[in-house]
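For reference, the chains in residue letters:
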Amino acid sequence: MVSRAFRLPRSASLQSSHRSLLFSEELRRQQAQVARVEKIRVQLNRKGPDGPETKTLLMNRGVSTPYNCAMHISEWLSKRSVVALINDRPYHMLRPLHADCSLSFLNFAGERLEEVNKAYWRSCAFILGAVLESAFKDEFAVALLRAPDVPVISGAFCYDVILDQKLDNWKPSEAQFQALTRRAFALLGKNLPFEHLSLHPNLALQMFQENRYKQEQIEEIASQQEEVTVYRLGDFVDLVEGPLIPYSGLCFQFAVTAVHPLKGKDSASEASSATSETSTFPAGYDFHRFQGLSLPVYQRAHHVIWHKLVKRATSLVLESRGNSDHAAQPQCSDSPRTPVLPSSP
């Protein structure tokens, strides 16, 4: 049952339109602040055919992105790059650069694969959130909570959602899971950009004015830093920590695999007792955890392997308190371990 402390919002379409409009207005305002073009020096480090190469690019402050820098080298580099490293720190490929820096690129077959895995899993969960917000009829109120930070080796990414009380006893059929998956493929087929925006906490609170849990997240972030980061895919806007992949078309195989009803940690949580690790859940809210699985366009699996991975991705994914890279996961003895993306073919 939905927690009485949580008021479910108005229709999803109105929420999406409201947030997307504020996103567009703030993006235009920030772009208008770039009064004149100033040049910055970007030292690009990459592996060439004869070994490490360094090239200095003159780019436009507040306008040029790592993706633009990659295009100066080759179209191949821009298409294969998943995450940028700015001064050795992960950075979104479509986020403007604001100062002189060093730049390198990460892909599905190179170094720092952990950063690539995190960005990919984060992006898939973002897509799942976009699907869930728009999938239900307006008569059913839905509130998105968060995308738990679970590692790729868990076998599934996930998104926590509070559903209307009318759906308390809902058990999705296979056809309904397929319908959700088709909605995801509609986003993948459009190859939409994941747009980045850093904004003031007050504007973020206005964006998510009907979602109490998102507001709690924003207030927590604001207590630690001056700006809040949001991303947009189509009309869907959400809070995200850490960079995403540049385009939705980088996802190839995708499936919404399961939904599990769970209780907040202020309730008597049956799920938390199912593992020896302490699981973290949104406090005070009874909610549903939707799960999914995806592989990128550069790492496709044979349909037999894919179906085994999908089966494994139906098991409940739990995150442990502290480092999510060591989350306790239910194991299925007859299911293969999900490869850490990417693995060598």
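That block above? That's the structure.
Criteria and thresholds
Residues numbered from 1 in each chain as written. Predicted model: local features only at pLDDT ≥ 70, side-chain atom pairs only at ≥ 80, totals over all residues. Heavy atoms only, no water. Buried < 20%, exposed > 50% of the residue type's maximum accessible area, 1.4 Å probe, protein only. Helix = DSSP H or I, 4+ residues; strand = E, 2+ residues; numbered from the N terminus. Pairing = 2+ DSSP bridges. Axes fitted to C-alpha atoms, helices over the stretch in contact; angles between N-to-C directions. Core = buried A, V, L, I, M, F, W, Y, C linked by side-chain atoms within 4.5 Å. Contact = heavy atoms within 4.5 Å. Phe/Tyr/Trp six-rings, centres within 6.5 Å; stacked < 30°, edge-to-face > 60°. Lys NZ or Arg CZ within 6 Å of the ring centre and 35° of its normal. Parallel < 35°, antiparallel > 145°, perpendicular 65-115°, else oblique. Left-handed = near helix turned anticlockwise from the far one by under 90°. Nonpolar A, V, L, I, M, F, W, Y, C, P; charged D, E, K, R; others polar. Arc of directions from axis to C-beta.

## Here we look at the pairing of strand E8 (residues 195–199)
With respect to burial, E8 is a largely interior element, four of its five residues being buried. Bridging between E8 and strand E9 (residues 228–233) involves five bridges; their strand directions are antiparallel. From the neighbouring strand, Leu197 faces E9, where its bridge partner is Val230.

## Section: unusual backbone geometry
Of note, the phi angle at Arg112 is positive, near 50 degrees, even though the residue is not glycine. On the basis of relative accessible area, Arg112 is assigned to the partly exposed category, the value being 33%. For Asn191, which is not glycine, the phi dihedral falls at a positive 50 degrees. Asn191 gets classed as partly exposed once you look at its relative accessible area, which sits at 40%.

## A word on the sheet that holds strand E11 (residues 251–262)
In spatial order, the strands read E6-E7-E12-E11; together these four strands make up an open sheet with antiparallel pairing. Unpaired on one side and paired on the other, strand E6 (142–146) and E11 mark the two borders of the sheet. Along the sheet, successive strands turn relative to each other by an average axial angle of 30 degrees, direction set aside. Summarising the sheet, strand E7 (residues 157–163) and strand E12 (residues 287–296) pair through five bridges and their orientation is antiparallel. The partner of Val161 across the bridge, within E12, is His288.

## Here we look at the nonpolar core
Side chains that are nonpolar tend, in soluble globular proteins, to be buried together. Core analysis: the biggest nonpolar cluster contains 56 residues, and Phe126, Ile127, Val161, Leu163, Phe194, Phe254 and Phe290 have the highest contact counts within it. For this core, the leading source of residues is helix H4 (residues 113–135), giving 12 residues. Excluding residues that lie within four positions of it along the chain, Phe126 makes contacts with Phe194, Tyr231, Arg232, Leu233, Phe236, Asp238, Val240 and Leu244.

## Focus: the sheet that holds strand E10 (residues 236–239)
Consider a sheet: its strands pair through backbone hydrogen bonds, and that pairing is either parallel or antiparallel. Taken together, three strands build an open sheet; the order of strands is E8-E9-E10 and the sheet is antiparallel. Looking at strand neighbours, the two that pair on one side only are E8 and E10, the edges of this open sheet. On average, each strand axis in the sheet is inclined to that of its neighbour by 25 degrees, with strand direction left out of account. Sheet contacts for helix H1 (residues 12–32): E8, E9 and E10; angle to E8, the most-contacted strand, approximately 75 degrees.

## Let's talk about the packing of aromatic side chains
Summed over the entire model, instances satisfying the criterion amount to nine aromatic pairs. Arranged with centres 5.4 Å apart and planes meeting at 50 degrees, the rings of Phe157 and Phe254 form a pair that is tilted. Here Phe157 is found in strand E7, whereas its partner Phe254 is found in strand E11, with 97 residues between them in sequence. Given the relative accessible area of 3%, Phe254 is considered buried. Aromatic side chains Trp170 and Phe290 sit 6.3 Å apart centroid to centroid with 40 degrees between the ring planes, which places their arrangement in the tilted category. Placement of Trp170 in the loop between E7 and helix H5 (174–189) and of Phe290 in strand E12 is noted, with a sequence separation of 120 residues between them. Put simply, the rings of Phe108, Tyr120 and Tyr298 touch in pairs and so form one group of aromatic residues. Over the face of the ring belonging to Tyr298 we find Arg80, whose NZ or CZ atom lies 4.0 Å from the ring centre. Cation over ring: Arg300 sits above Phe252, and NZ or CZ is 4.1 Å from the ring centre.

## Some points on the packing of H4 against H5
Viewed as axis vectors pointing N to C, H4 and H5 meet at an angle of 120 degrees, and their least axial separation amounts to 9 Å. The pairing of H4 with H5 is recorded here as oblique in orientation. Here H4 and H5 pass one another in a crossing that is right-handed. Along its contact with H4, which presents Ile127, Ala130, Val131, Ser134 and Ala135, the element H5 presents Leu180, Arg183, Ala184, Leu187 and Leu188. Of the residues that constitute the contact of H4 with H5, the class distribution is eight nonpolar, one polar and one charged.

## Focus: the pairing of strand E1 (residues 39–48)
Here E1 runs beside strand E2 (residues 51–60); their pairing, made up of 10 bridges, is antiparallel. Of the residues in E2, the one forming a bridge with Lys39 is Asn60. A loop of two residues connects E1 with E2, the two strands running antiparallel in sequence. Bridge count for E1 against strand E5 (residues 101–106) is three bridges, and the pairing is parallel. Looking at E5, one finds that Gln43 is bridged to Ser102.

## Points about the environment of Pro148
Take Pro148: it is sitting in the loop between E6 and E7. It is 8.8 Å that separates the C-alpha atoms of Pro148 and Leu318, two residues lying 170 residues apart in sequence. Non-local contacts of Pro148, meaning those with residues more than four positions away in its chain, are made with Cys158, Tyr159, Asp160, Arg289 and Glu319.

## Looking at helix H2 (residues 66–73)
Those residues of H2 not exposed but buried are Pro66, Tyr67, Cys69 and Ala70. All buried residues of H2 project into a common sector of 155 degrees when viewed along the axis, lining one side.

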